[in-house]
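# Coordinates in review
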Amino acid sequence: TVILAALVASASAFQVGVMPSTSGMRLRTSASSAPRVARRSVAIAPRMAFDMEALIQDSKNERLAHLEKQAMDAIKVSVENNENVVFPNAMIAGDCVITDLCGRLGYLKTGQVKIMVVDTFHLFPETMEFLKEIEKHYGFKAEVFQAEGCKDKAEYDAKYGADLWKEDVEQYDKICKVEPFQRGLKTLKTGVMMNGRRRDHGDERAYIDLFENAPIGGGMAKVNPLAYWTFEDCFDYIAANKIPIHPLHAKGYPSIGDAKDTIPIPEDGSVRFVNYKFEGKKSEWLDYNAERKGRFVGLANKDGSTKTECGIHVAGAEQTFDRDLWVEGSKVAELSKSEAEALAKSKDDAVVVIYAPWCKFCQALEPAFEDLAKELDGVKVAKYRGDEDRDFVKAKYNTNSFPTINVIKGGKVIKYESEDRDVKSLKAFVEKNIKVAA
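## Remarks on the confidence of the model for the chain
Per-residue confidence for the chain gives a mean pLDDT of 85; residues scoring 70 or more make up 81%. Note that pLDDT drops below 50 for residues 1–39; the model gives that stretch 33 contacts with residues more than four away or on any other chain. Low pLDDT (under 50) marks residues 313–322, which in the prediction has 22 contacts with non-local residues, meaning those over four places away or in another chain.

Structure representation (structure tokens):
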């Protein structure tokens, strides 16, 4: 009976959040034990009640304090032992945490940490407005980099085409993200790159550490202050410190990238982070590898796999794309606009490639077209950069895509229609249309 009473009392105590005591519980072991009345007088004295929610919150606070110190120490080590620390900032939740930590350390106002932003010309309008807000709040001026040779979306569309991301997402990544990203790091003479990658982002980042060497810039170091944080930790910090965050979190977006391929999660926008509190089922955002579920929607890699990286952090992104094709020492002559106009009407024989240096097919053509120029003795072989003058090359040089190869014969521009771009095939096309010296 005593044991049963103790168990009942214990269960009742747990139900109300009280830790029961078993110190007063005794087992009856023999008939000579104390009288029954005495046994009944043994009370189950519960310990003091505890607040489970408070203990959980205390534990989370302790964890966050540890992570915060760890991240700040990583930032301090990077800044105090290196020059030109650059933080490419996408203004997503984790980046906002790092921005705040750098601001608290005073590194933003002094310029010891430079904020770099890549404007892809496809961002949400709110993103660049939010940049202005945090520039004012923390007292810094971001270094903004965009597609080479483009000051706005109109120039980008004219040069590369508004649908490039649909036609070739890898080239889009190179032009709008990787190239300006690399150019920014070079321009700022980056010694250490700070970024917000975390282990809970998924398999590609599951084993990153606070510090790592990267091939970018020939061995430039990376610091990942939030490597061991979770997405929930980021929002806990944001809520605890009431820091500025991207306004689209309040509209259901866990992560923010290009407007063309970023959606709320769930798509009905039922999960939001409003006034520093979650609304809805927050696990939709906070589960492992869930942050970027709403990113790169509808995009696939060349091998058909689902796209999960923007291109900046993938293998090979350390390559640069700022060189031209058929440069010094080449047998391929460069045409000016006036020369290209005159050649299209000329009676002279010529072979002209219309190209874009960022185009992977043009890059692949480079050695074969160079060899063709060496073999076509007495025939002018030339290049004209068409991505900067699309209307002209479309009208005069049959160009809708790159590369486009034309033979000029008696003032007539004849397009090479085949996808076979080896020297033998190209030379056969040329010899079919114009006389080539033996």
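## Details of the packing of aromatic side chains
Under the definition given, this model contains 15 aromatic pairs. Taking the centre distance of 5.3 Å and the plane angle of 70° together, the rings of Phe 124 and Tyr 253 count as edge-to-face. Within this pair, whereas Phe 124 is found in the loop between strand S2 (113–118) and helix H6 (125–138), its partner Tyr 253 is found in the loop between helix H10 (231–241) and strand S7 (272–274), the two being separated by 129 residues in sequence. Since its relative accessible area comes to 14%, Tyr 253 is described here as buried. A ring pair is formed by Trp 326 and Phe 369, whose centres lie 5.5 Å apart and whose planes are at 65°; its orientation type is edge-to-face. Pair noted here: Trp 326 is in the loop between helix H11 (283–286) and strand S9 (333–334) and Phe 369 is in helix H13 (residues 360–375), with a separation of 43 residues, a long-range link. Across the pair, exposure class does not vary: Trp 326 and Phe 369 are buried alike. One aromatic cluster is present, formed by Phe 231, Phe 235, Phe 273, Phe 278 and Trp 285 through successive ring pairs.

## Notes on the pattern of salt bridges
Enumeration according to the criterion identifies 29 salt bridges in this entry. The residue Lys 166 makes a salt bridge to Asp 163 at a minimum N-O spacing of 3.8 Å. A relative accessible area of 57% places Lys 166 in the exposed class. Lys 260 is paired through a salt bridge with Asp 261; the nearest N and O atoms lie 2.3 Å apart. You can call Lys 260 partly exposed: its relative accessible area is 23%.

## Looking at the nonpolar core
The nonpolar side chains of a soluble globular protein tend to be buried, and buried together. Judged by nonpolar contacts, the single largest core of 50 residues is most densely connected at Tyr 156, Val 351, Phe 369 and Tyr 397. When residues in this core are grouped by element, the largest group, six residues, is from strand S10 (residues 350–355). Aside from chain neighbours lying at most four places away, what touches Tyr 156 is Phe 121, His 122, Ala 147, Cys 150, Gly 161, Leu 164, Tyr 172, Ile 175 and Cys 176. By size, the runner-up hydrophobic cluster in this structure holds 48 residues, among which are Cys 96, Val 192, Ile 238 and Ala 239.

## Concerning the side chain of Asn 195
Relative to the helices and strands, Asn 195 resides in the loop between strand S4 (192–194) and strand S5 (211–213). Asn 195 gets classed as buried once you look at its relative accessible area, which sits at 4%. Within the local environment of Asn 195, its side chain forms a polar contact with the side chain of Asn 224, the two groups lying 2.8 Å apart.

## Considering the sheet that holds S9
Pairing between the strands of a sheet is mediated by backbone hydrogen bonds and can be parallel or antiparallel. Strand order in this open sheet of five strands is S9-S11-S10-S12-S13, and the pairing throughout is mixed. Unpaired on one side and paired on the other, S9 and strand S13 (412–415) mark the two borders of the sheet. In this sheet, strand S12 (residues 404–409) lies alongside S10 in antiparallel orientation, the contact comprising five bridges. Across the sheet, the residue bridging to Val 352 is Asn 406, located in S12.

## Some points on the environment of Asn 433
Note that Asn 433 resides in helix H15 (residues 423–433). For the pair Asn 433 and Ile 408, spaced 25 residues apart in sequence, the C-alpha separation works out to 8.8 Å. Other than its neighbours up to four places away in sequence, Asn 433 contacts Val 407, Lys 409 and Ile 414. A polar contact is formed between the side chain of Asn 433 and the backbone oxygen of Phe 429, at a distance of 2.8 Å.

## Digging into the pairing of strand S11 (residues 380–385)
By the bridge criterion, two bridges tie S9 to S11 in an arrangement that is parallel. Bridged to Glu 334 within S11 is Lys 383. When S10 meets S11, the two strands line up parallel, connected through six bridges. Counterpart to Ile 354 in the pairing with S11 is Tyr 384. This β-α-β element, S10 to H13 to S11, shows right-handed connectivity.

## Observations concerning the environment of Glu 279
Here Glu 279 is to be found in strand S8 (residues 277–279). Among the residues examined, Glu 279 registers a relative accessible area of 32% and is labelled partly exposed. Put simply, Glu 279 and Ala 250 are 29 residues apart on the chain and 9.1 Å apart in space, counted from C-alpha to C-alpha. Beyond its immediate stretch of four places on either side in the chain, Glu 279 contacts Ser 270, Val 271, Arg 272 and Val 274.

## A few points about H13
Helical periodicity: at 3.6 residues per turn, an α-helix aligns residues three or four positions apart in one direction. The first and last C-alpha atoms of H13 sit 24 Å apart over 16 residues, in line with the 22 Å expected at 1.5 Å per residue. Of all the bends in H13, the greatest reaches close to 40° and is centred on Glu 366; the proline Pro 367 follows between one and four positions later. Here H13 has its buried residues at Cys 362, Leu 365, Glu 366, Ala 368, Phe 369, Glu 370, Leu 372 and Ala 373. Summarising the contacts, the buried residues of H13 are in contact with S10, S11, S12 and H15.

Parameters and conventions
Residues numbered from 1 in each chain as written. Predicted model: local features only at pLDDT ≥ 70, side-chain atom pairs only at ≥ 80, totals over all residues. Heavy atoms only, no water. pLDDT = per-residue confidence, 0-100. Contact = heavy atoms within 4.5 Å. Phe/Tyr/Trp six-rings, centres within 6.5 Å; stacked < 30°, edge-to-face > 60°. Helix = DSSP H or I, 4+ residues; strand = E, 2+ residues; numbered from the N terminus. Buried < 20%, exposed > 50% of the residue type's maximum accessible area, 1.4 Å probe, protein only. Salt bridge = Lys/Arg side-chain N within 4 Å of Asp/Glu carboxyl O. Core = buried A, V, L, I, M, F, W, Y, C linked by side-chain atoms within 4.5 Å. Polar contact = N/O pair within 3.5 Å; in protein donor to acceptor, adjacent residues only side chain to side chain. Pairing = 2+ DSSP bridges. Right-handed = clockwise from strand over helix to strand, strands pointing away. Expected span 1.5 Å × (residues − 1). Bend = angle between axes of the 7 residues up to and from the residue.

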